[in-house]
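Take a look at the letters that make up each chain.
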Amino acid sequence: MLDIINYDAFLFLITIFAKILVLVIPLLIIVAFLTYAERKVIAAVQLRKGPNVVGPFGLLQPLADGLKLFSKESIFPTVANKFIFILAPMVAFGLSIAAWAVIPVADGWVISNINVGILYLFAISSLSVYGIIMAGWASNSKYAFMGALRSAAQMVSYEVSIGLVIVTVLVCVGSLNLGKIVYAQQNTWFIFPLFPMFIVFFISALAETNRAPFDLPEDESSLVGGYFTEYSSMLFAMFFLGEYAAMIMMSGMTTILFLGGWLAPFDIALLNKVPGIIWFAGKTSLILFLFLWVRATFPRFRYDQLMRIGWKVFLPLSLLWVVLTSGFLIVFDLLPGNV
Amino acid sequence: MVSIFFYLFAFILIFSSVFVITAKNPVHSVFFLILSFFNATGLFVLMGAEFLAMLLLIVYVGAVAVLFLFVIMMLNIDFKSLRTGIMKNARLGLIIGVVLLAEIIFSIMGMHYGKDKILGTNLSVVSNEIENTRLLGNVLYTDYIYLFQTAGLILLVAMVGAIVLTHRKRDNVRKQDATKQVLRNKSETLNINDIEIGKGA
């Protein structure tokens, strides 16, 4: 058994572990400051100042919030199923971090450059529904359960149109590898030829991450707190961080599919000198700002309207676009060959 | 190192599938089912079948198991009465089990013998040059196009059947037409009347 664990394998594991640390630690810091950014953006939209007391410009506010959540007591409802109750936020948080394993933040800067990267991302985002269902069921509370059911139906519905949008992009690329998807956009970003799909994808991403105006799972006015009604302290914090990490993940996915990933906007030597990660981070932040802007601007959707848009508008539209795009590529003989 | 992971996945897969049957709470059974799907995905990845692995995650874990969970959570099941009557159904269960086992054994034997004869194409080519997504697509959409489309048709029939069974016409249902609501303008819906003071109803 011992000869299986040789020196190379050990070194390989250490490298992977180091890469994960280098990715996850900045990610967590960004997640923390995204909550700060959200409060600042919403404050700016509403002509307020936002957090400005803790530290310079209120920059230490996320740390203070984290400290507060740490020091609170974890409360377990007596009728809750304890094991699943604790497991649920871990699943939600862990999945949104796990997705980053395949996202290339710059040319070659990726933990695992797998052939089916986009399918992996799609799978992970469709799994994130489990954190919510588990939380809703294990809490043994009607509001939590209703929130979980709503959100499960919502996420499953919007996955369908996200899947079709991804298919549209893949037809143009000819590969499931995220790096190749980015390289296929060297001449034109896919946002230009596939603009309607970008809109569909962005709105579906809002629904998939349970963000406003589709934040029905946590609809305070009708469901108290939705699926995390019974959660407190660190378990609540994990849901919270998981939601923001999922937001960043979806923004990263939008960047890779439509905005040319780490590529510079124009193929000019001066712009190409800028490291790819800066372009990637910039584009992702732009999409994140859109998330926050939407939250500050739009009222919440009613549930039946949400379902109507998902099934009756986005699904036919994206299906039509798949057919149109592949038809166009075949007629003009632009179909990508062996990439 | 691959073999360590193989045994890890295989052990968890077998144990979690045993727990699927023995768990007292049906919801726990579904969670164990999901765990076993996950480990099957791991085994697929180890074999280099990355496309199948991701499809297993997306289709079975991401969609089918969610529906299982939905149904089981919504049903008001008496867990105790579920456990009784195991002996009554044991004979039928045993027969089904034996048939399934025999099928698995036969298909494994078939894989070793006329591989080309059964599949028509040699699928076991694991190549780093061509992604196995492309390999699968090349086979599915050429040699097996009719079977593939038939499978799709069967699913379509199942979907139409489910819709027909659950759809019912109800009277007195007030439906909203979103297009009509969005397109209507102020002059169609709003009247502004000047009412003299004291004359208003």
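### Structural notes on the overall build of chain A
And then number 1: Secondary structure summary: chain A contains 13 helices and zero strands in total.
And then number 2: Its helices and strands taken in sequence order, chain A reads α-α-α-α-α-α-α-α-α-α-α-α-α from the N to the C terminus.
And then number 3: Taking 2.2 N^0.38 as the reference for a compact globule, 339 residues should give roughly 20 Å; the C-alpha atoms of chain A span a radius of gyration of 21 Å, in line with that estimate.
And then number 4: Within chain A, residue pairs in contact and separated by at least 24 positions form 77% of the contacts whose partners lie at least 6 positions apart.

### What to know about the interface of chain A and chain B
And then number 1: Chain A puts 37 residues into the contact, and the matching count from chain B is 27 residues.
And then number 2: The tally of links between chain A and chain B comes to four residue pairs in polar contact (both at pLDDT 80 or more).
And then number 3: Within the residue set of the side of chain A that touches chain B, elements represented by two or more residues are helix 1 (7–45), helix 4 (117–127), helix 5 (129–139), helix 6 (142–173) and helix 13 (303–331) of chain A.
And then number 4: In terms of residue class, the side of chain A that touches chain B is made up of 25 nonpolar, seven polar and five charged.

### Quick look at the confidence of the model for chain A
The predicted coordinates ought not to be read in detail in places where the model reports low pLDDT.
And then number 1: Confidence along chain A averages 85 in pLDDT terms, with 96% of residues attaining 70 or more.
And then number 2: Mean pLDDT across the elements of chain A ranges from a minimum in helix 9 (residues 220–223) of chain A, with 69, to a maximum in helix 8 (residues 195–208) of chain A, with 91.

### Topic: helix 12 (residues 276–297) of chain A
And then number 1: When the terminal C-alpha atoms of helix 12 of chain A are compared, their 32 Å separation across 22 residues agrees well with the 32 Å that a helix rising 1.5 Å per residue should span.
And then number 2: Those residues of helix 12 of chain A not exposed but buried are A:G276, A:W279, A:F280, A:K283, A:T284, A:I287, A:L288, A:F291, A:L292, A:V294 and A:A296.

### Considerations on a positive patch on the surface
And then number 1: On the surface, a cluster of positive charge is contributed by A:R308, A:K312, B:R168, B:K169, B:R170 and B:K175.
And then number 2: When you line up the elements, A:K312 lands in helix 13.

### Comments concerning the layout of surface pockets
And then number 1: Considered as a void within the structure, the largest pocket measures approximately 2200 Å³ in volume.
And then number 2: Along the wall of the largest pocket there are 45 residues; nearest its centre are A:V167, B:F51, B:L55, B:Y141 and B:F148.
And then number 3: When residues of the lining of the largest pocket are traced back to their parent elements, those giving at least two are helix 4, helix 6 and helix 13 of chain A together with helix 3 (50–74) and helix 7 (132–140) of chain B.
And then number 4: A per-class count over the lining of the largest pocket returns 34 nonpolar, eight polar and three charged.
And then number 5: When residues of the lining of the largest pocket are sorted by domain, at least three fall in each of domain 1 (1–76) and domain 2 (130–169) of chain B.
And then number 6: Approximately 1400 Å³ is the volume attributed to the second largest pocket.

### Focus on the packing of helix 2 (residues 26–47) of chain B against helix 3 of chain B
Residue and element names in this part refer to chain B.
And then number 1: Interaxial distance between helix 2 and helix 3 falls to 10 Å at its minimum, and their mutual angle equals 175 degrees. As the angle between them shows, helix 2 and helix 3 are arranged roughly antiparallel. For the pair formed by helix 2 and helix 3, the contact residues are P26, V27, V30, F31, L33, I34, F37, F38, A40, T41, F44 and V45 on the first element and L52, A53, L56, L57, Y60, V61, A65, F68, L69, I72 and M73 on the second.

### A word on the packing of helix 6 of chain A against helix 13 of chain A
All names here are of chain A.
And then number 1: It is at 9 Å that the axes of helix 6 and helix 13 come closest, and there the two elements cross at 15 degrees. Considering their axes alone, helix 6 and helix 13 lie roughly parallel with respect to each other. The element helix 6 and its partner helix 13 pack so that their crossing is left-handed.
And then number 2: Partitioning the contact of helix 6 with helix 13 into residue classes produces 19 nonpolar, eight polar and one charged.

### Overview of empty space enclosed by the protein
Residues and elements named next belong to chain A.
And then number 1: Under the definition given, this model contains one cavity of 30 Å³ or more.
And then number 2: Of the volumes computed, that of the largest cavity is approximately 250 Å³.
And then number 3: Secondary-structure elements contributing two or more residues to the lining of the largest cavity are helix 3 (82–98), helix 4 and helix 10 (233–258).
And then number 4: Among the elements that line the lining of the largest cavity, the one with the most residues is helix 10, at six residues.
And then number 5: Residue composition of the lining of the largest cavity, grouped by class: 10 nonpolar, six polar and two charged.

### Side note on a nonpolar patch on the surface
All names here are of chain B.
And then number 1: Judged by side-chain polarity, V2, F5, F6, Y7, L8, F11, I12, F15, F19, L35, F38 and L46 come together as a nonpolar surface patch covering roughly 1100 Å² of accessible area.
And then number 2: With nine residues, the single largest contributor to the nonpolar patch is helix 1 (residues 2–22).
And then number 3: By secondary structure assignment, the location of L8 is in helix 1.
And then number 4: Classification of L8 as partly exposed rests on a relative accessible area of 44%.

### Focus: helix 13 of chain A
Residues and elements named next belong to chain A.
And then number 1: Across its 29 residues, helix 13 extends 41 Å between first and last C-alpha, which sits within 8% of the 42 Å expected from 1.5 Å per residue.
And then number 2: Taken residue by residue, helix 13 has L306, M307, I309, G310, F314, S318, V322, T325, S326 and L329 as its buried positions.
And then number 3: Each element contacted by the buried residues of helix 13 is listed here: helix 6 and helix 8.
And then number 4: Directly after helix 13, the chain includes D333, whose backbone phi takes a positive value near 55 degrees.

### Details of the side chain of A:Q185
All names here are of chain A.
And then number 1: Among the structural elements, Q185 can be located in the loop between helix 7 (178–183) and helix 8.
And then number 2: Q185 gets classed as buried once you look at its relative accessible area, which sits at 0%.
And then number 3: At 3.4 Å, the side chain of Q185 and the backbone oxygen of L257 are in polar contact.
And then number 4: Polar contacts involving the side chain of Q185 include one to the main-chain amide nitrogen of G260, which spans 3.0 Å.
And then number 5: Setting aside anything within four residues of it in sequence, one finds Q185 in contact with F190, I256, L257, F258, L259, G260 and L263.

### Concerning the environment of A:G58
All names here are of chain A.
And then number 1: Tracing the sequence through the fold places G58 in the loop between helix 1 and helix 2 (61–71).
And then number 2: For G58 and I268, which are 210 residues apart along the polypeptide, the C-alpha to C-alpha distance reads 38 Å.
And then number 3: Here G58 is in contact with Y36, P51, N52 and V53, once residues within four sequence places are set aside.

### What about the confidence of the model for chain B?
All names here are of chain B.
And then number 1: Considering every residue of chain B, the mean pLDDT works out to 82; 84% of them sit at 70 or more.
And then number 2: Mean pLDDT values over the elements of chain B span from 48, in helix 6 (residues 115–119), up to 93, in helix 8 (residues 145–166).
And then number 3: Taken as a whole, residues 117–123 scores under 50 in pLDDT and shows 11 contacts with residues more than four places along the chain or in a different chain.

### What to know about the pattern of salt bridges
Residues and elements named next belong to chain A.
And then number 1: In this structure the tally under the stated criterion is six salt bridges over all chains.
And then number 2: Between D215 and R300 there is a salt bridge, with the nearest N and O atoms lying 2.8 Å from each other. Note that D215 is positioned in the loop between helix 8 and helix 9 and R300 in the loop between helix 12 and helix 13, a separation of 85 residues in sequence.
And then number 3: Here R302 and D304 are joined by a salt bridge, their closest N and O atoms 2.8 Å apart.
And then number 4: Residue R302 is classed as partly exposed on the basis of its relative accessible area of 39%.
And then number 5: If you follow the salt bridges from partner to partner, you end up with E38, R211, E243 and R295 in one network.

How each quantity is defined
Residues numbered from 1 in each chain as written. Chains lettered and ligands numbered in written order. Predicted model: local features only at pLDDT ≥ 70, side-chain atom pairs only at ≥ 80, totals over all residues. Heavy atoms only, no water. Helix = DSSP H or I, 4+ residues; strand = E, 2+ residues; numbered from the N terminus. Rg over C-alpha atoms; globule rule 2.2 N^0.38 Å. Contact = heavy atoms within 4.5 Å. Polar contact = N/O pair within 3.5 Å; in protein donor to acceptor, adjacent residues only side chain to side chain. Nonpolar A, V, L, I, M, F, W, Y, C, P; charged D, E, K, R; others polar. pLDDT = per-residue confidence, 0-100. Expected span 1.5 Å × (residues − 1). Buried < 20%, exposed > 50% of the residue type's maximum accessible area, 1.4 Å probe, protein only. Patch = residues over 30% accessible without salt bridge, like charges linked within 9 Å, V, L, I, M, F, W, Y side chains within 5 Å. Areas by Shrake-Rupley, 256 points an atom, 1.4 Å probe, with all protein chains shown as cover. Salt bridge = Lys/Arg side-chain N within 4 Å of Asp/Glu carboxyl O. Lys, Arg positive; Asp, Glu negative; His and termini not counted. Charge placed at Lys NZ, Arg CZ, Asp CG, Glu CD. 1 Å grid on protein atoms, 1.4 Å probe; cavity = no way out; pocket = protein on both sides within 12 Å on 5 of 7 lines; lining within 4 Å. Points joined across faces, edges and corners; volume = space filled by probe spheres on them. Domains from an automatic or database assignment. Axes fitted to C-alpha atoms, helices over the stretch in contact; angles between N-to-C directions. Parallel < 35°, antiparallel > 145°, perpendicular 65-115°, else oblique. Left-handed = near helix turned anticlockwise from the far one by under 90°.

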